[in-house]
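Structural characterization, general
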Amino acid sequence: MIREKIEQTFGLLNELDLDLWLIFVRESEAMADPCLELVVGSHCTWQSAFAYTRDGRAVALVGNLDEAKFKALGCFTEVRSYVTGIRKSLVELFRELDPGRFALNVSTDDYISDGLTYGMFQLLGRHLEGTGYMERWVPAEKLIAALRGRKTPAEQARIKAAIDLTEEIYRKVSGFLRVGLTEKEIAAFTLGLVDEAGVETAWDRSECPAVFTGPEAAGAHCGPTDRPSEPGHVLNMDFGVRKEGFCSDIQRTWYFLRPGESEAPEIVQKAFRAIVDAIRLGAESCVPGKTGLEVDTIVRGFITEQGFPEYPHGTGHQVGRSTHDGAALLAPLWERYGEIPHLRLEPGQVFTIEPRIPVPGHGVATLEEIVVVTDDGGRFLSEPQTELFYVRDGA
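Quick look at the structure, then. Throughout, a residue's number is its position along its own chain's written sequence, starting from 1. The model is predicted, so local features are restricted to residues of pLDDT at least 70 and side-chain atom pairs to those at 80 or more, both for listing and for counting; the totals for chains, interfaces and linings are taken over all residues. Excluding hydrogens and water, the side-chain values take into account all heavy atoms of the structure.

1. Quick notes on the overall build of the chain
On a plain count of helices and strands, the chain comes out with ten helices and 18 strands. In summary, the chain has a C-alpha radius of gyration of 24 Å against a globular reference of 21 Å for 395 residues, a match within 12%. Reported as C-alpha extents along the three principal axes, the dimensions of the chain are approximately 80 × 40 × 35 Å. Of all 395 residues assigned to the chain, the portion counted as buried reaches 54%. Pairs at least 24 residues apart make up 65% of the contacts formed inside the chain by residues separated by at least 6 positions. Accessible surface for the chain amounts to roughly 16600 Å². Of this, 50% is attributable to carbon and sulfur atoms. Between the centroid of the 41 positive side chains of the chain and the centroid of its 60 negative side chains there is a distance of 3 Å. Comment: elements are numbered from the N terminus, with helices defined as DSSP H or I runs of at least four residues and strands as E runs of at least two. All radius of gyration figures rest on C-alpha atoms, and the globule criterion is 2.2 Å times the number of residues raised to 0.38. Partly exposed describes any residue whose relative accessible area lies between the buried limit of under 20% and the exposed limit of over 50%, with all areas from a 1.4 Å probe on protein chains only and scaled to the type maximum. Every residue pair with non-hydrogen atoms within 4.5 Å of one another is taken to be in contact. In these tables, accessible area is a Shrake-Rupley quantity obtained with a 1.4 Å probe, and a residue counts as shielded only by the protein chains included in the view. Only four residue types enter the tally: Lys and Arg on the positive side, Asp and Glu on the negative side; His and the chain ends are excluded. In plain terms, the charge of a residue is placed at NZ if it is Lys, CZ if Arg, CG if Asp and CD if Glu.

2. Details of helix 1 (residues 2-15)
In a helix, the anticipated span is given by 1.5 Å times the number of residues less one. Its 14 residues give helix 1 an end-to-end C-alpha distance of 20 Å, which sits within 8% of 20 Å, the value for a rise of 1.5 Å per residue. Every buried residue of helix 1 is accounted for by Ile2, Lys5, Ile6, Gln8, Thr9, Phe10, Leu12 and Leu13. Looking at the buried side of helix 1, the elements it contacts are strand 1 (20-25), helix 2 (36-39), strand 2 (48-53), strand 3 (58-63), helix 6 (141-149) and helix 7 (153-176). Backbone geometry just downstream of helix 1 places Asp17 in the positive-phi region, at approximately 55°.

3. Describing the pairing of strand 17 (residues 377-380)
Both strand 16 (residues 369-374) and strand 17 contribute to a ladder of four bridges, which runs antiparallel. Along strand 17, the bridge assignment pairs Val372 with Arg379. With antiparallel pairing between neighbouring strands as the criterion, strand 16 and strand 17 make up a hairpin whose turn holds two residues. DSSP-based pairing: two strands are paired if at least 2 bridges between them are found.

4. Here we look at the sheet that holds strand 18 (residues 389-391)
On the basis of which strands lie adjacent, the open sheet formed by four strands has the order 8-9-12-18 and mixed pairing. Two strands bound the open sheet, and with one partner strand each, they are strand 8 (210-213) and strand 18. On average, adjacent strands in this sheet sit at an angle of 25° to one another, irrespective of strand direction. Note that strand 12 (residues 250-256) and strand 18 share three bridges and pair parallel. When the sheet's bridge partners are listed, Tyr255 is paired in strand 18 with Tyr390. Packing of helix 7 onto the sheet brings it into contact with strand 9 (234-239), strand 12 and strand 18, and relative to strand 12 it is tilted by some 15°. Here, axes are lines fitted to C-alpha atoms. For helices the fit covers the stretch in contact, and angles between N-to-C directions go from 0 to 180 degrees.

5. Focus: the pattern of salt bridges
Basic side-chain nitrogens of Lys or Arg form a salt bridge, by our definition, when they fall within 4 Å of a carboxyl oxygen of Asp or Glu. A full pass over the atoms with the stated rule returns 30 salt bridges. Ionic pairing is found between Arg242 and Glu200, a salt bridge with its closest N-O pair at 3.9 Å. Remark: Glu200 occurs in strand 7 (residues 200-201) and Arg242 occurs in strand 10 (residues 241-243); sequence separation between them is 42 residues. Look at the salt bridges and you will find they share partners, linking Glu37, Arg148, Lys151 and Asp325 into a network.

6. Thoughts on the packing of aromatic side chains
Planes of paired rings set the category: under 30 degrees apart is stacked, over 60 is edge-to-face and the rest tilted, where pairs are Phe, Tyr or Trp rings (Trp by its six-membered ring) whose centres lie within 6.5 Å. Summed over all chains, the structure comprises 14 aromatic pairs. Aromatic pair Phe50 and Phe70: ring centres 5.4 Å apart, planes at 50°, arrangement tilted. Placement of Phe50 in strand 2 and of Phe70 in helix 3 (residues 67-73) is noted, with a sequence separation of 20 residues between them. Of the two residues, Phe50 and Phe70, both sit in the buried class. A ring pair is formed by Phe176 and Phe189, whose centres lie 3.9 Å apart and whose planes are at 0°; its orientation type is stacked. Of this pair, Phe176 sits in helix 7 while Phe189 is found in helix 8 (residues 183-197), placing the two residues 13 residues apart along the sequence. Its relative accessible area of 22% is what places Phe176 among the partly exposed residues. Site record: aromatic cluster; members linked through ring pairs are Trp21, Phe50, Tyr52, Phe70 and Phe76. The ring of Phe176 has Arg178 lying over it, and the distance from NZ or CZ to the ring centre is 5.8 Å. The rule for a charge over a ring is simple: NZ of Lys or CZ of Arg within 6 Å of the ring centre, and within 35 degrees of the ring normal.

7. Observations concerning helix 5 (residues 118-127)
Of the positions making up helix 5, those classed as buried are Met120, Leu123, Leu124 and His127. For helix 5, the angular spread of the buried residues around the axis is 100°, confining them to a single face. Buried residues along helix 5 sit in contact with strand 1, helix 4 (87-97) and strand 5 (102-104). In this context, the arc is that of the directions from the helix axis out to the C-beta atoms.

8. Digging into the environment of Gln122
As for its placement among the helices and strands, Gln122 is situated in helix 5. The sequence separation of Gln122 and Phe302 amounts to 180 residues, and the corresponding C-alpha distance is 48 Å.

9. Description of unusual backbone geometry
At the junction of Cys208 and Pro209, the peptide bond is cis and its omega measures out at 15° in the coordinates. Mapped onto the elements, Pro209 comes out in the loop between strand 7 and strand 8. Although it is not a glycine, Glu244 sits at a positive phi angle of roughly 50°. In this structure, Glu244 sits in the loop between strand 10 and strand 11 (246-247).

10. Regarding the state of the cysteines
The disulfide criterion used throughout: a pair of cysteine sulfur atoms within 2.5 Å. Within the structure shown, the criterion is met by zero disulfides. Here Cys35 stays free of any disulfide, with the sulfur of Cys44 as its closest cysteine sulfur at 13 Å. Judged by relative accessible area, which is 0%, Cys35 ranks as buried.

11. What to know about the side chain of His362
Along the chain, the position of His362 falls in the loop between strand 14 (356-359) and strand 15 (363-366). The contacts of His362, once residues within four sequence positions are left out, are Gly214, Pro215, Gly232, His233, Val234, Tyr255, Arg258, Pro265, Ile267 and Val268.

And the structure:
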C-alpha cells in the first residue's frame, strides 16, 4: 500500500504543478509526521529527508544505520545515507533535483498537513542557506489533502472491514443492554469484544466507546461514568475499531422503554426521524465539487427547520488511517475550522455524517454513518440505522 500511495503522489505532483515534495523529520517514533504512514512506511532516527519528484523518483536520505531498513522496504527508487551530518548530502540532492517549486508539510488549518516542526523548518533553512531553494517552497496542504483523502479501492476495503466489525460488535451490545447497566459496564462489555476480535479501539480506550445515557450525560468526547441506564433514557454510543491500520467511527442510539410503553415518546421519535432524514440528505449531497460548507449547511438547515436547535459541532469529518483523517470537513465557517470548510469534495473521500439533537428529559438522539464520495453522491459504507433500537426492562 505504501508503493501505491507513492505512485499516487507522482500523479498529484504533476496535477498540482509541483516539482518536489519533501518530508523532513528526525526521531519520528517520538515526533511523527502523519505523512510517514502514507509514503514512507517506517520510522527514522536522525535527520532524514524523503523526496518525491514529479518524474517518478522517490529518494530517501537517512542516517547510515537506517539505510538497510529503508532499502529493505523496497519502496524507494534510491536510498542514500550520511554519517556525520545531513547538510552536504541534502544540498547535493537539491542541486541534483533542482526543483522550481517544492512542497513542505506546513499548514495553519489542517493538522494532518502540518507535520514539519518549527525546529526542523529552521534546520532545513540553515542546511539550504545560500542555495536559494528556501525561496521556492510552498505548503503541501493540497497535495496531502488529495493523497490522504482520495482513498484507493484497497484503502476503502480496509475501512469497510473495520466498519463491518464495528457493526458486528454493536449487534452484540444491543443484545447485552438492559435497564440498570452503567455506562462503564456497557463500555467494559464492548472492550471485551474488541479484545476478543484482536483489534484496537479507533481512539483512546478511555473514551472509546463513549457511552451516554439519559439527560444528564456528559456529552461527546468524554469517557463513560457510573451513571446507570434508566427507563425513559435515550442512550447514545460512539465507537470504532482500528483494523489493519484503518478506522471506523459509528454512533448508535437506543431508547429504554418505561413500564407500559411500547414505543418511545413522540418527541424522541421525531428527533430520531429528523436525524435519519438529515443523514440521508447529507449523503445525497456528498458529490464531487461541493464544498464541505455546502453539505453542512444542508444538514444543519434541515435540523433547524424541524424546530430543533443547531448542533454545536461540524456535520462530519474524514475517516481513514485516523478517525479524524484531516483536510476537508463537512463543517460551518467557524473560527475553529479555519478555511477547511471551503475545500471541495473529491471522489474516494470517506466522511462521517453525525448531526445530533438533545431531547429534554431523555438524552441525546444522534447517529453517525460513514459514506464514500462518488459521482452519484455519498454511498453508505455503514449500514444506516433507520429505526430506533429499543431496550425493555430486564431485556
